[in-house]
Amino acid sequence: LPAEWEGRTIKLVFEGVMTDCSVDINGRRAVKLHQGAFYRFKADVTDRIFFGKKDNLLEVTVNKESTNPQVNLAERRADYWNFGGIFRPVFIEALPALNIERTCIDAQADGTFTAKVFLGQAPGENYKVEAVVTGKDGKQKGNILISALRPGSDFVDMQGSFENVVTWTAETPALYDVTFKLKNNDNVIHLVKERFAFRTIKVKEGDGLYINGRKVLIKGINRHSFRPETGRTLSKKANYDDVRLIKEMNMNAVRLSHYPPNPEFLQACDELGLYVMNELGGWHGKYDTETGKQLIKEMLTRDANHPSIIWWSNGNEGGWNTELDGEFAKWD
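Residues numbered from 1 in each chain as written. Predicted model: local features only at pLDDT ≥ 70, side-chain atom pairs only at ≥ 80, totals over all residues. Heavy atoms only, no water.

This brings us to a nonpolar patch on the surface. Taken together, L58, V60, I86 and V90 make up a surface patch of nonpolar side chains, about 290 Å² in accessible area. Note on placement: L58 falls in strand β6 (residues 58-63). Looking at L58, the relative accessible area reads 43%, which means it is partly exposed. (Patch = residues over 30% accessible without salt bridge, like charges linked within 9 Å, V, L, I, M, F, W, Y side chains within 5 Å. Areas by Shrake-Rupley, 256 points an atom, 1.4 Å probe, with all protein chains shown as cover. Salt bridge = Lys/Arg side-chain N within 4 Å of Asp/Glu carboxyl O. Helix = DSSP H or I, 4+ residues; strand = E, 2+ residues; numbered from the N terminus. Buried < 20%, exposed > 50% of the residue type's maximum accessible area, 1.4 Å probe, protein only.)

This is the structure we're talking about:
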């Protein structure tokens, strides 16, 4: 790793490993054990690596079959081809020591914008977060939002309102960008850019689903992340091709059976316009509660800002854990 990275927070990121995964770096344990194949997980490895010309030894151990029988029931005793191994990208994040860890955005059809910005740790005094919203043309929309961080707090709430917004639907997938800047006085410490959209989702009991005040009929299909040539390892083009194919068949929705997809698939749904049901793993088996809580956290912290997602699914109709019902709202 570059010598100039010393002093930064270094995270090792796995997008998808089937099924049990443990990691050692330079002979020291970095990931004790991760169980669950279709979820992004990270490890802070800052204190385990060398910078500059000295090499680092990365050892990853993967077992197809999980030592947790409930994980096997949810993921490997299902109605699809079973593989094993590292099937999605692995990469390094090099972040400032004080950084924006994640954001959670709620933008409504009336232009109301709220967001929570979470930091990796609590800062000292004179820190703030600025949010700049831009449209498709790259021009700034409305005023810059500014929220001061209370010393000792590791998150901040941001609120604002924007006029004349173009709302998002599957037929009109209008997207915006927001850049969050963590500042100490006027010095930018870290910035994060997120794509989002303004839309309001309501379900009227006994009536139906309304998006931006308009009733919507859902015509959709289940979708597996799969190709005969590459198994579960998909290119960006393959993910976008699937969305285009579904739309060409006059459908407006997709259920991701039975696990979260590649991030590129959700990006395609945002950009091209599909309503998405994002699903926790499960078929006729279910995750145990402890494992399920961790995997829901990983699924939602990765995917919560995608405007195309309008449902979360707690597993398949034949395999779900009712004890996990309350976990989704904690992270969305």
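Computed from the structure, the largest pocket encloses a volume of approximately 1600 Å³. Lining the largest pocket are 50 residues; nearest its centre among them are R40, K42, E101, T301 and R302. Sort the elements by how many residues they give to the lining of the largest pocket and helix α4 (residues 289-303) lands first, with nine residues. Estimates place the volume of the second largest pocket at around 550 Å³. If you go around the second largest pocket, you meet 30 residues; those closest to its centre are I105, D106, R199, A304 and D332. Listed by contribution, the elements that provide at least two residues to the lining of the second largest pocket are β9 (100-107), β10 (112-119), β13 (155-161), β22 (309-313) and α5 (328-331). (1 Å grid on protein atoms, 1.4 Å probe; cavity = no way out; pocket = protein on both sides within 12 Å on 5 of 7 lines; lining within 4 Å. Points joined across faces, edges and corners; volume = space filled by probe spheres on them.)

Let's shift gears to the pattern of salt bridges. Summed over all chains, the structure comprises 23 salt bridges. When the shortest N-O distance is used, the salt bridge between E65 and R77 registers 2.9 Å. Taken together, the positions of E65 in the loop between β6 and α1 (69-75) and R77 in the loop between α1 and β7 (85-86) put the pair twelve residues apart, joining distant regions of the chain. Residue classification places R77 among the partly exposed residues on the basis of a relative accessible area of 40%. Residue K237 pairs with D241 through a salt bridge whose shortest N-O separation is 2.7 Å. Taken together, the residues K237 and D241, both in helix α2 (residues 236-248) and four residues apart, mark about one turn of the helix. By relative accessible area, K237 is classed as exposed at 59%. Judged by its relative accessible area of 27%, D241 falls in the partly exposed class.

This paragraph deals with empty space enclosed by the protein. According to the stated counting rule, one finds one cavity of 30 Å³ or more in the structure shown. A volume near 30 Å³ is recorded for the largest cavity. If you go around the largest cavity, the residues you meet are L280, G281, G282, K286, Y287, N314, G319, W320, N321 and L324. The residue makeup of the lining of the largest cavity, split by class, is four nonpolar, five polar and one charged. (Nonpolar A, V, L, I, M, F, W, Y, C, P; charged D, E, K, R; others polar.)

The next subject is the side chain of T200. For T200, the position within the fold is in the loop between β15 (187-196) and β16 (201-204). On the accessibility criterion, T200 (16% relative accessible area) is buried. Of the polar contacts made by the side chain of T200, one reaches the side chain of Q108; its length is 2.6 Å. Once you skip the residues sitting within four places of it in the chain, T200 turns out to touch Q108, A109, Y210, I211 and N212. (Polar contact = N/O pair within 3.5 Å; in protein donor to acceptor, adjacent residues only side chain to side chain. Contact = heavy atoms within 4.5 Å.)

Turning our eyes to something else, we now look at the environment of L95. Here L95 is to be found in strand β8 (residues 90-95). Sequence separation between L95 and T9 is 86 residues; the distance between their C-alpha atoms is 5.0 Å. When residues no more than four places from it in sequence are discounted, the contact partners of L95 are R8, T9, K11 and H190.

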